[in-house]
Amino acid sequence: MGSTFSCCGSHKEDEVVSVVTPGNSTWRMFTYKELHSATNGFSDDNKLGEGGFGSVYWGKASDGLQIAVKKLKSMTSKAEMEFAVEVEVLGRVRHKNLLGLRGYCVGTDQRLIVYDYMPNLSLLSRLHGQCAGEVQLDWRKRMKIAIGSAEGISYLHHEVTPHIIHRDIKASNVLLDSDYEPLVADFGFAKLIPEGVSHMTTRVKGTLGYLAPEYAMWGKVSDGCDVYSFGILLLELLTGRKPIEKLPGGVKRTITEWAEPLIAKERFKDLVDPRLRGSFDENQLKKAISVACLCVQSEPEKRPSMKEVVYMLKGYGSEGKALQTRMNSIKYKDELLALDQTSDDDDDGGPDESYGVFGAMESEMQDPYNRYAKGNNAKHG
Ligand SMILES: Nc1ncnc2c1ncn2[C@@H]1O[C@H](COP(=O)(O)OP(=O)(O)OP(=O)(O)O)[C@@H](O)[C@H]1O
Ligand SMILES: [Mg+2]
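These numbers come from a predicted model, not from an experiment. The residue count restarts for each chain, going from 1 along the sequence in the order it is written. To label them, take the chains in the order written and letter them from A, then take the ligands in the order written and number them from 1. Where local features are concerned, this predicted model is filtered to residues with pLDDT of at least 70; where side-chain atom pairs are given and counted, the filter is 80 or more; whole-chain, interface and lining totals use all residues.

**Let's talk about the site of ligand 1**
Part 1 of the argument: Any residue whose backbone-placed C-beta atom lies within 6 Å of a molecule or strand is treated as near that molecule or strand. The environment of ligand 1 is made up of 27 residues, and the closest members are Gly49, Gly51, Gly52, Ala68 and Ser172.
Part 2 of the argument: Breaking the shell around ligand 1 down by element, the ones donating at least two residues are strand S3 (47-50), strand S5 (66-72) and helix H3 (123-127).
Part 3 of the argument: Going along the chain from the N terminus, every DSSP run of H or I of four or more residues is numbered as a helix, and every run of E of two or more is numbered as a strand. Examining the composition of the shell around ligand 1, we find that three residues originate from one element, S3, more than from any other.
Part 4 of the argument: Each residue is assigned to one of three groups, with Ala, Val, Leu, Ile, Met, Phe, Trp, Tyr, Cys and Pro labelled nonpolar, Asp, Glu, Lys and Arg labelled charged, and all others, Gly among them, labelled polar. Here the shell around ligand 1 is composed, by residue class, of 13 nonpolar, nine polar and five charged.
Part 5 of the argument: Where each domain starts and ends follows an automatic or database-derived domain assignment. Counting contributing residues per domain, the shell around ligand 1 is built from domain 1 (2-117) and domain 2 (123-362), each supplying no fewer than three.

**Comments concerning the pairing of S5**
Part 1 of the argument: Residue burial is a threshold on neighbouring C-beta atoms within 10 Å of the residue's own C-beta, all placed from the backbone, with 20 or more meaning buried, 12 or fewer meaning exposed, and counts in between meaning partly exposed. Within S5, five of the seven residues are buried, which leaves it mostly tucked inside the rest of the structure.
Part 2 of the argument: Each pair of strands is called paired provided DSSP finds at least two bridges between the two strands. As defined by bridge partners, strand S4 (residues 54-60) adjoins S5 across seven bridges and the pair is classed as antiparallel. Following the sheet pairing, valine 56 is matched in S5 by lysine 70.
Part 3 of the argument: If you look at the hairpin formed by S4 and S5, you'll find five residues sitting between the two strands, and glycine 64 has a positive phi there, around 90°.
Part 4 of the argument: In this structure, S5 lies alongside strand S7 (residues 111-116), joined through five bridges in antiparallel fashion. The partner of lysine 70 across the bridge, within S7, is isoleucine 113.

**Considering the nonpolar core**
In a soluble, globular protein the nonpolar side chains are often hidden away together inside.
Part 1 of the argument: By definition, a nonpolar core groups buried Ala, Val, Leu, Ile, Met, Phe, Trp, Tyr and Cys residues that are joined through C-beta atoms within 7 Å. Residues Ala68, Val114, Phe230, Leu234, Ala292, Cys295 and Val309 are the most contacted members of the largest nonpolar core, which totals 81 residues.
Part 2 of the argument: With 10 residues, helix H6 (residues 223-239) is the single largest residue contributor to this core.
Part 3 of the argument: Residue assignment places this core across two domains, with domain 1 (2-117) and domain 2 (123-362) each supplying three or more.
Part 4 of the argument: Those residues within four positions of alanine 68 in sequence are excluded, and the remaining contacts are Leu48, Val56, Trp58, Tyr115, Tyr117 and Met118. Two residues qualify as a contact pair if the distance between their C-beta atoms, derived from the backbone, is within 7 Å.

**Concerning helix H9 (residues 282-295)**
Part 1 of the argument: To estimate how far a helix should reach, multiply one less than its number of residues by 1.5 Å. For H9, with 14 residues, the first-to-last C-alpha span of 20 Å sits near the 20 Å given by 1.5 Å per residue.
Part 2 of the argument: For H9, the complete set of buried residues consists of Lys287, Ala288, Ile289, Ser290, Val291, Ala292, Cys293 and Cys295.
Part 3 of the argument: Contacts made by the buried residues of H9 are with helix H4 (139-158), H6, helix H7 (255-264), helix H8 (268-271) and helix H10 (306-313).

**Things to note about the packing of H6 against H9**
Part 1 of the argument: Two numbers describe how H6 lies on H9: the axes approach to 8 Å, and their chain directions differ by 145°. Note that H6 runs across H9; the crossing there is left-handed. On H9, the residues touching Val227, Tyr228, Phe230, Gly231, Leu234, Leu235 and Leu238 of H6 are Leu285, Ala288, Ile289, Val291, Ala292 and Cys295. Comment: axis = line fitted to C-alpha atoms, over the contacting stretch for helices; angle = value between 0 and 180 degrees taken between N-to-C directions. In a left-handed crossing the near helix is turned counterclockwise from the far helix by less than a right angle, and in a right-handed crossing that turn is clockwise.

**Considering the pairing of strand S6 (residues 103-106)**
Looking down a regular strand, the side chains alternate between one sheet face and the other.
Part 1 of the argument: As judged from the two bridges shared by strand S2 (residues 28-30) and S6, these two strands associate in the parallel manner. Residue pairing across strands places methionine 29 opposite tyrosine 104, the latter belonging to S6.
Part 2 of the argument: For S6 and S7, the ladder comprises four bridges, and the chain directions are antiparallel. Across the sheet, tyrosine 104 pairs through a bridge with isoleucine 113, a residue of S7.
Part 3 of the argument: Counted between consecutive antiparallel strands, the loop separating S6 from S7 contains four residues.

**Looking at unusual backbone geometry**
Part 1 of the argument: Omega for the bond connecting threonine 161 with proline 162 falls within 30 degrees of zero, at -10°, which places this linkage in the cis form.
Part 2 of the argument: Structurally, proline 162 can be placed in the loop between H4 and strand S8 (163-165).
Part 3 of the argument: Of note, the phi angle at asparagine 40 is positive, near 60°, even though the residue is not glycine.
Part 4 of the argument: Turning to its location among the elements, asparagine 40 is positioned in the loop between helix H1 (32-38) and S3.
Part 5 of the argument: By the C-beta count within 10 Å, which is 20 here, asparagine 40 ends up buried.
Part 6 of the argument: At tyrosine 180, a position not held by glycine, the phi torsion is positive, near 65°.
Part 7 of the argument: The residue tyrosine 180 is located in the loop between strand S9 (174-176) and strand S10 (182-184) in this model.
Part 8 of the argument: Using a count of 19 C-beta atoms within 10 Å as the deciding quantity, one classes tyrosine 180 as partly exposed.

Now the structure itself:
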């Protein structure tokens, strides 16, 4: 896939101007001119994909490094805020499973972020996109992706101060390096959580299908929201199915609705991605499904922490314990499903992979418990 973007040879290296930030060798400022040149003038041929923030282009920097350049679509205050959050968060984190910042560019009317180019693109493209038919993600790679992305999220939740909730864990935000090591990307929606705060109420952003119910309905954001999204991602990785599927009659079904009866009957082999052609470790599969069941529980307090998820996925701590084979699947309200674009594509995923952007929706939904607490105590008292 990545090899198709070989058009960069035409750019003029002598036009490239770069400024190395003193005291920081890991990222630097880029000039617009350099990025323009590196991406062949942001040409469509270099385009890797498009998301809520803007388009992402493949390029080659003046030092020969392959880069991915995210170009802000419009200069609204909201987009500027996302840019600022992303740069701020990226500057704070360093972990083998988080896509770090290579640099950025701030012009009068442009905002661009530069990352290392990930030659195996995203998990989305490997599972459902145009690369899905190429090299298969075998079982070993899938487990590596599950454990690595869990480690990246666990670092955000437990090791950075203040703690960070990602809020947009999904297959297109898990990128894969040349060795299929996963790198969690896109911190534009992230929330920095002050010490001692367990949850906050915010406007809902993210991608339907991955959204925890308490967050989709009432905007309650806690690290449990990322745990829920990770559970969906894990199911997607194991089963090869999309978080929301459109059935022939037009009805939309979530992956948990599909998986729930199979898990209850312990029909694990019917759950696993048929593209694996039966080549998987049954014990690992059972454990991973059990972890996914724990992660997607509707009560956030019952979900494990990401630290525990990593531990369990690595096979520790489950000796002699019964597997979790209950999944309470959630069904989003029809109004929400109508807004979803994730399942409207053809099965090949489409060229831009930008499925499921739900960021435009900002809801101010009322928490019914609060409503009762304020005005309707008599009913419960
Ligand atoms: N560093 C990178 N290396 C390779 N491909 C990348 C890189 N960053 C992004 N991409 C590709 O560009 C696509 C678009 O990314 P982008 O983050 O803009 O959108 P998205 O993840 O689909 O949606 P959202 O805006 O909700 O995050 C990704 O799906 C991915 O395939
Ligand atoms: Mg993304």
